[in-house]
Structures are given as structure tokens and as C-alpha cells.
Amino acid sequence: MKLLRRGDSDNSDKRDVEVAESSTAKEAESVEQAGKGRPTPKRRDAESKRRGPVAPAPLTAKEARARRKATRGSKEERKVAAAERRATAAERRARMLAGEDKYLLPRDKGPVRAYVRDIVDARRNLVGLFMPLALILIMAMFVSPALQAIVTLAMLIMMMFMAIEGVWLGRKINNQVRERFPDTPDGGFKLGWYAFVRASQIRKLRAPKPRVRPGDAI
């Protein structure tokens with residue numbers, strides 16, 4: 001009888017082990033199936049989990065300054081980064097002044113605007129005297145009231161001729177642009193104003209720099 005009871009207990013233990021193993025296998029299979037059914041996590045979510053928890057926000061201004069100082073790097077590293085930024089900005093400005101379309105401002109981009117700049121730069125414009133005359137007027141205000149009146153009258157007369165020349169230049173620019181680029185939507189007052197502003201600037205201060213000399217054929 002004892003042998004029978006011992007055999008029964010051994011069999012029951014084996015059955016308990018098998019039941020436990022089968023339940024564990026089923027749970028693993030269900031977890032695997034549930035994982036397959038879910039969408040694949042995004043890369044930034046996975047990276048954030050790998051990086052660990054985000055550092056808490058600083059509680060005081062002193063702590064915030066210390067954290068910014070730690071993340072900025074050393075003084076030498078900041079000097080190197082600043083030098084690289086200045087070199088990059090200088091290179092971009094040089095290419096913009098050279099007329100490379102990629103580095104131009106939106107108002108200056110395109111073959112139409114380049115053509116307008118060439119037309120303006122190839123002639124001597126009366127409106128180009130506006131800035132020098134304005135400086136003379138300002139200086140005359142500190143010299144003599146009588147001289148100021150004369151310069152002011154001359155300035156008004158010059159401005160009238162400048163306005164006439166600006167209207168004439170705008171029409172000329174639009175006509176030549178329509179002949180060279182018949183399909184362009186760029187034109188009208190906006191294009192004429194662009195040419196007028198270009199012509200009113202001192203030649204050495206124009207950006208992009210002139211590609212032609214006064215008197216060159218365009």
C-alpha cells in the first residue's frame with residue numbers, strides 16, 4: 001500500500017510539473033503574439049527608452065546657469081565654434097556678393113533680376129546722386145542758414161529730375177524684360193521699383209556686386 005501511495009504521489013508531482021510547464025509556454029506564446037499584434041514602436045520612442053529618464057528641470061536660476069555652462073563646453077570649444085560660424089557667414093556673404101543664386105535674397109534671385117541689375121549697372125544714373133546730395137544737405141544745415149536754403153532748393157529740383165528718371169527707367173526695364181523674357185510673370189511697378197532702388201544706391205555699396213562696367217553692352 002505504501003508503494004502504491006508513493007507511486008501515486010510521484011505521478012501527481014510529475015503531472016503538476018507538466019501542467020506548470022505547459023501554462024508557462026502558453027503565457028510566453030500569448031505574450032509573443034500580443035507583441036506581434038502591436039505596431040512597431042517609433043525610433044525616437046525606442047531611443048528615449050534607451051537614453052533613460054529625462055533630467056528634471058532646474059529649481060533655481062543658479063542651477064540653470066550651471067547646467068547651461070556645463071552643456072556649452074569649454075572656453076576653447078566655444079571659441080572654435082564661434083570662429084567656424086564667422087567663417088561660414090563670411091563665405092555665404094562672399095558668395096552672395098558674387099551673385100550666386102543659391103545665396104541671394106529672395107528679391108534678387110532669378111535670371112530676370114540679374115538681367116535688371118546688369119542694365120542698371122551698365123549706365124550712369126542720375127538717381128545715384130541722391131545719397132551724396134542728402135549728405136551735403138545734412139552738412140549744410142550746420143554751416144549756414146543761407147547755404148541751407150540754396151542746397152534745399154537744389155535738392156528739390158534734383159529730386160524732381162530723379163522722379164522723372166525713375167519713371168523712365170522703370171518703363172525701359174519692363175520693356176527690355178518683356179523682350180528678353182516674354183514668359184516671365186515678373187514685371188510692372190514691382191520690377192521698376194527694384195531697378196530704381198538699385199540705381200539710387202552708390203555703386204560700391206550695391207549687393208550683389210555689379211558684374212558689368214558703365215557703358216558695357218547688355
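No experiment lies behind these values; they were computed from the predicted model shown.

Chemist: Which parts of the structure should I look at to understand the overall build of the chain?
Modeler: When helices and strands are tallied, the chain shows 8 helices and 0 strands. The N-to-C order of helical and strand elements in the chain reads α-α-α-α-α-α-α-α. Burial status across the chain gives 20% buried among its 218 residues. For the chain, the share of sequence-separated contacts (at least 6 apart) that also reach a separation of at least 24 residues comes to 66%. Carbon and sulfur atoms provide 61% of the accessible area of the chain, an area that totals close to 17,100 Å².

Chemist: I would appreciate a short explanation of the packing of aromatic side chains in the present structure.
Modeler: Ring pairs (aromatic) are described by centroid distance and by the angle formed between their planes. All chains considered together, the criterion is met by 3 aromatic pairs. Measuring from ring centre to ring centre gives 5.8 Å for Y115 and F181, while their planes differ by 70°; the resulting arrangement is edge-to-face. Taken together, the residues span a long stretch of sequence, with Y115 in helix 5 (residues 111–121) and F181 in the loop between helix 7 (145–180) and helix 8 (189–200) at a distance of 66 residues. Each residue in the set F189, W193 and F196 is aromatic and connected to the rest through ring pairs, giving one cluster. The cationic tip of R113 hangs over the ring face of Y194; the distance from NZ or CZ to the ring centre is 4.5 Å.

Chemist: Could you clarify how one ought to interpret helix 5 in this entry?
Modeler: Since there are 3.6 residues in each turn of an α-helix, residues three or four apart along the chain are aligned in direction. With respect to burial, helix 5 is a largely interior element, 10 of its 11 residues being buried. V112, R113, A114, Y115, V116, R117, D118, I119, V120 and D121 are the residues of helix 5 that are buried. Elements that come into contact with the buried residues of helix 5 comprise helix 7 and helix 8.

Chemist: Looking at this structure, I do not really get the side chain of D121. What am I missing?
Modeler: Along the chain, D121 falls in helix 5. When its relative accessible area of 1% is taken as the criterion, D121 is described as buried. When residues no more than four places from it in sequence are discounted, the contact partners of D121 are R198, R203, R206, P210, R211, V212, R213 and P214.

Chemist: Whenever I open this one, unusual backbone geometry confuses me. Can you help?
Modeler: Across the chain, the bulk of peptide bonds are trans and the bulk of non-glycine residues have phi less than zero. With an omega of -5°, the peptide bond between A207 and P208 qualifies as cis. Summarising the element assignment, P208 is placed in the segment after helix 8.

Chemist: Honestly, the packing of helix 5 against helix 7 in this entry has me stumped. Any pointers?
Modeler: Packed helices, taken two at a time, are described by the angle their axes make and the gap between the axes. Where helix 5 contacts helix 7, the two axes come as close as 11 Å, and the packing angle between them is 135°. Here helix 7 runs oblique to helix 5, going by the angle between their axes. Handedness of the helix 5/helix 7 crossing: right-handed. Each of V112, Y115, V116, I119 and V120 in helix 5 lies in contact with helix 7, whose residues at this interface are I173, Q176, V177 and R180.

Chemist: How should the confidence of the model for the chain be read in this particular structure?
Modeler: The predicted coordinates ought not to be read in detail in places where the model reports low pLDDT. Overall, the prediction assigns the chain a mean pLDDT of 76, with 69% of residues at 70 or greater. For the chain, helix 1 (residues 2–37) is the element with the lowest average pLDDT, namely 46, and helix 5 is the one with the highest, namely 94. Scored below 50 in pLDDT, residues 1–14 shows 0 contacts in the model against residues more than four places distant or in partner chains. Counted against residues more than four places away or in other chains, residues 28–37, with its pLDDT under 50, gives 0 contacts.

Chemist: What is the right way to read the environment of A217 from this model?
Modeler: Note that A217 resides in the segment after helix 8. Linking A217 and R123, residues 94 residues apart in sequence, is a C-alpha distance of 9.5 Å.

Here is what the cut-offs are and how they apply
Residues numbered from 1 in each chain as written. Predicted model: local features only at pLDDT ≥ 70, side-chain atom pairs only at ≥ 80, totals over all residues. Heavy atoms only, no water. Helix = DSSP H or I, 4+ residues; strand = E, 2+ residues; numbered from the N terminus. Buried < 20%, exposed > 50% of the residue type's maximum accessible area, 1.4 Å probe, protein only. Contact = heavy atoms within 4.5 Å. Areas by Shrake-Rupley, 256 points an atom, 1.4 Å probe, with all protein chains shown as cover. Phe/Tyr/Trp six-rings, centres within 6.5 Å; stacked < 30°, edge-to-face > 60°. Lys NZ or Arg CZ within 6 Å of the ring centre and 35° of its normal. Axes fitted to C-alpha atoms, helices over the stretch in contact; angles between N-to-C directions. Parallel < 35°, antiparallel > 145°, perpendicular 65-115°, else oblique. Left-handed = near helix turned anticlockwise from the far one by under 90°. pLDDT = per-residue confidence, 0-100.

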